[in-house]
Structure formats: C-alpha cells, structure tokens
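Single-letter residue listing:
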Amino acid sequence: MAWGQGGFKSCDALLKRVEQNDVKLVELVILPMKTFGAAEIQRLSNSIASGVNTNLKTISASGHHFPPESLKMFGQALSAQAQKLNSDNTASSNGITHISIGSKYMGDEGVVALCEGLAPSDGALLQSLDLGWKNIGREGIRAIGSTFANSKFLSSLDLSRNNNIGSDGITDFCNAAEEATGSSGIAFPSMEHLTLSECNIGPMGMNSLARIIISDGSSGRSKRIRLSLASNPITSEGCQSLSTIISANPTNGSLLSVLELSQCSLGDNGIKLLSSAALSSPCTGLAVLDLSENSITEEGANTFSVSLAEAWPDLNELKLAKNNLREDGVVSVISALVHRNDAGIDSSIESNKNSSLTSLDLTDTSCRVKGAKAALMTGSLTTLRLFNNKLGSDGFREIAPLLEGGHPSIVNLDLGGNSADEDSVIILLNSVANTSQASNFLSKLLLLEIGGNKFGEKAMEALENLKKVWPKLDVAHDKPVQEGEEEEEEAKD
C-alpha cells in the first residue's frame, strides 16, 4: 500500500512508482491533503491505458475534485485496460478492480462523464465501486445503472449519502439497468453488496429496487446480496416490496444475506408485513437483520417473535436497538429464540439454547430487569448489548447471580449507560470473579462494558481482584471517581 505522503503535497514520486510498474504498489491511496487533480489523474490514466502498469489493483482518491473530462479519460483508461486484458485472457488476475474516487462536488456531470468512459467495457474490470457522498441525482444514477448492469465483475456498489437520488432516481437506475440487460437478462449478476443508505428512497423506489433484485433472481443469481437501506423513508408501505426480496424463492430462500433497515420508519405495521412474508416462505440464508430505531413497540415485537421462532433459520445477528419494545416485548423475542430449539425459559442457563442466533442488540429498548434476565439466560448468545436500559442499581443486583463465575456463552456483554451505583457495580464484578459455584462451565466472557455506571476507587479494587481471576477479561469502565470528586461535580451542576 502507498499513501502518497512523500514530498509534502506532491504526488510526483508516487506517480513515478505507478509509471515504473512497482511490483509492491498494489493499493494506491491518495489522502485528501495531497495535490491530486487533472494533471495527476492524466498521468495515472496514461499508465493504465498504455499497459505500462499491470500491478495496481486498488485506487482510492476520495475527497479530490476532478473536471468531467478528466473523469471520462480515467474511465476510458480503465476500459482500455479491460479490453486488452480480456483479449489476453488475463482479466481474472490483473487490472484495476477497486476504485473510490471524487469529492462531494462530483455531481451528476462528473458521474456521467466517468460512466461514459466505462460504458464500452460494461464497467471495465471493477469489482468494487465507491461513489458514496458524491451529490448524485437522477441523471448520474441512471448512468450507473446503464453502465454496470451487464458487468460480470461488479460485486460491491456503494451509493450511500446521496440524498438527491430519491425514489425517482432509483426507479431511473432500475429502468436503465433493465434496458441494458434486455428482457431475459439479469441486472448486476455478480452483485453481493449494495449500499443505498441515506438516499431518500421511499415506497415507490423500493418497488423498483425489489423488481431489479428479483429479476429472475430465483435461478440466476449465484450469491445472496448484502443490502444496506439504512436511513431511508421506506415506511410500512415500502415493506410490501421488501417482503418480496426477503422471501423471493421458496426453494432457496432469501435473495439477501444481510438486510440493514435502521431508521427506515417501518413501525409495527411494517414488521407485521415482513413477518408475514417470512412465515409464508422462510428466509433461509439471511444471516443479519438490523431493525434498529424503527418505532417498533411491544405489539410489533410480539408479531415478529412468531416468525422468529421458525421462519429465519439462518439468522445469527439481530439488532433491535432504540425501539420501545418494553420488557414484555423483549421477553417475547427471547422466548422465540429459545423456542428455536424447543426449550423453555427457566432458571438453568445450560438448558436454554437457540439454534443459530449469536448476536443480539437490545440497546435502549426499555427491556428493564425482566428483559435483561431473560436475555442473559438465552444460553448460546455470544454478543449481547443491554446499553441504556434503565437497569439501575437494583437491576445490577438482580442480574449479578446470572453472571456468577462469568458466562458459559457470552463473549461480549454491554451493560453500559444503566446508571447503577458503585455498590451495585461492585456486587456485579464480585459475582463475575466468584468461580466457586461455576465449576460446571468455563466462562467465555472476554469483554464487559460498564461505562455510564458509577465507578470509584472501591469499584477499581473489585476490578483488580476480578482481573486476578480472569486476566484475559477486558472491562470497559468510566474513569474512577475519587472520594469527594463526585460531590464537587454535583455542586457544579
């Protein structure tokens, strides 16, 4: 990797290495403080187009602004390289495969120019294209759809933080891709990771996106897609289209491996639609589901739990953070996890196993003590986040027995932001350190987060004793408060 830091702002020495085909220069990273404009990208383009450089694979030049004609020239250079390597049958092992280029001022004009250069080769040999935060609108996104629809190489496309795309833009993107592939083709056949977070996509856009992903996807797509749609106004109305993606194939399951839907205004009605679709056709293959911050309540949690028990068989990470599920909603979710292995929640941790889910985020869900205890007793979770759930001092005292001697499955446990007093923190730490009653299991706990709870000198002493028992356990905590300092801070407030 070369970062382009030599000679203060100049990239001359770095570009000479490109022109000399330096065998060690595989990844080129041009930091934003460097001087890298039209003249520099012309030198880079010449080295690529002429075939002088055959070792470079990755170019990262985000934060640099280029005129449209320079971007078109760069695209043409990549096309020329692809055509040459394809004719030599060496495209699979050589050429530029990853690029991240341009600034937030790139806009439609710059994106269209880049795509004009790439169009003759269907996007050259690019496997990964990062055009996040480039002020792309309808014209630019249409050009991307047309240029890359037939690419047999592109597997990762990042268009995040382009708020001007909107539903109309996504529809244009999909229409252009369909026109490029024809009625029998599969758009973006090698796509594995599509990032569209913060693109202002609503229900209409979701309808078009679902159509292009499904496009004969039941038989034509070789791999499932990681789809990020975070921070888009999808709403419950857009969940109807989402439902067709997550359960599109009754035989092979979901077309997705990851679905990120945080801050999409889904609400309880949206969760009901997704759950119903999953029950109709199980979402086999979908491993990660992020439903954080979607105004889901206890009602939505109860509905989702019904499908969770049997219709998401490969789910191993579930994020429900910042939804007001309350304790009964959380318990409903936990019961569904336990049901996946036909067991019931009781006082024995070892008897409660869920089939595949190992990571659960319950941050700020108002789960209270009842929900926290149920989650800790689930049995096969390896990551559990209970941050900011108002457990308080009484909560820490109640969950402490469940952490006696550590935990048989949880590796990472977040109990931060729960406003427990120091005495309760000490009780919890002492419980983890007490191995006298934990002879029937070996603790897996490696990270315990307790920041946002009172932590003073006495808690530090308890932590030091804990470290003697579990030296590999990392405990993240606030800076210890000395005696008298707390009163001083309160007086200031």
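It should be emphasised that the depicted structure is a prediction, and the values quoted were computed from it without experimental measurement.

Turning our attention to the pairing of strand β3 (residues 98–102). Extensive coverage of β3 is indicated by the burial of 4 of its 5 residues. As paired strands, β3 and strand β4 (residues 128–130) are joined by 3 bridges and run parallel to one another. In the sheet register, isoleucine 99 faces β4, and the bridge partner there is leucine 129. Viewed along the sheet, the connection from β3 through helix α4 (residues 107–118) into β4 turns out right-handed.

Our focus in this paragraph is the pairing of strand β7 (residues 225–228). The two faces of the sheet receive side chains in turn, since in a regular strand these alternate between them. Taken together, the 3 bridges between strand β6 (residues 193–195) and β7 define a ladder with parallel strand orientation. Paired with histidine 193 across the strands is arginine 226, a residue of β7. The pairing of β7 with strand β8 (residues 256–260) spans 4 bridges and is parallel. Residue pairing for β8: isoleucine 225 is matched across the bridge by leucine 256.

A few words on the packing of aromatic side chains. Evaluated as defined, the whole model comprises 3 aromatic pairs. Arranged with centres 5.8 Å apart and planes meeting at 55 degrees, the rings of phenylalanine 304 and tryptophan 312 form a pair that is tilted. We classify phenylalanine 304 as buried; its relative accessible area is 4%.

The subject of this paragraph is the side chain of aspartate 172. Along the chain, aspartate 172 falls in helix α6 (residues 166–181). Engagement of the side chain of aspartate 172 in a polar contact is seen with the side chain of arginine 138, the distance being 2.6 Å. Of the polar contacts made by the side chain of aspartate 172, one reaches the side chain of arginine 142; its length is 3.1 Å. In this view, aspartate 172 contacts Arg138 and Arg142; residues no more than four positions away in its chain are not counted.

What counts, and at which threshold
- Residues numbered from 1 in each chain as written.
- Predicted model: local features only at pLDDT ≥ 70, side-chain atom pairs only at ≥ 80, totals over all residues.
- Heavy atoms only, no water.
- Buried < 20%, exposed > 50% of the residue type's maximum accessible area, 1.4 Å probe, protein only.
- Helix = DSSP H or I, 4+ residues; strand = E, 2+ residues; numbered from the N terminus.
- Pairing = 2+ DSSP bridges.
- Right-handed = clockwise from strand over helix to strand, strands pointing away.
- Phe/Tyr/Trp six-rings, centres within 6.5 Å; stacked < 30°, edge-to-face > 60°.
- Polar contact = N/O pair within 3.5 Å; in protein donor to acceptor, adjacent residues only side chain to side chain.
- Contact = heavy atoms within 4.5 Å.

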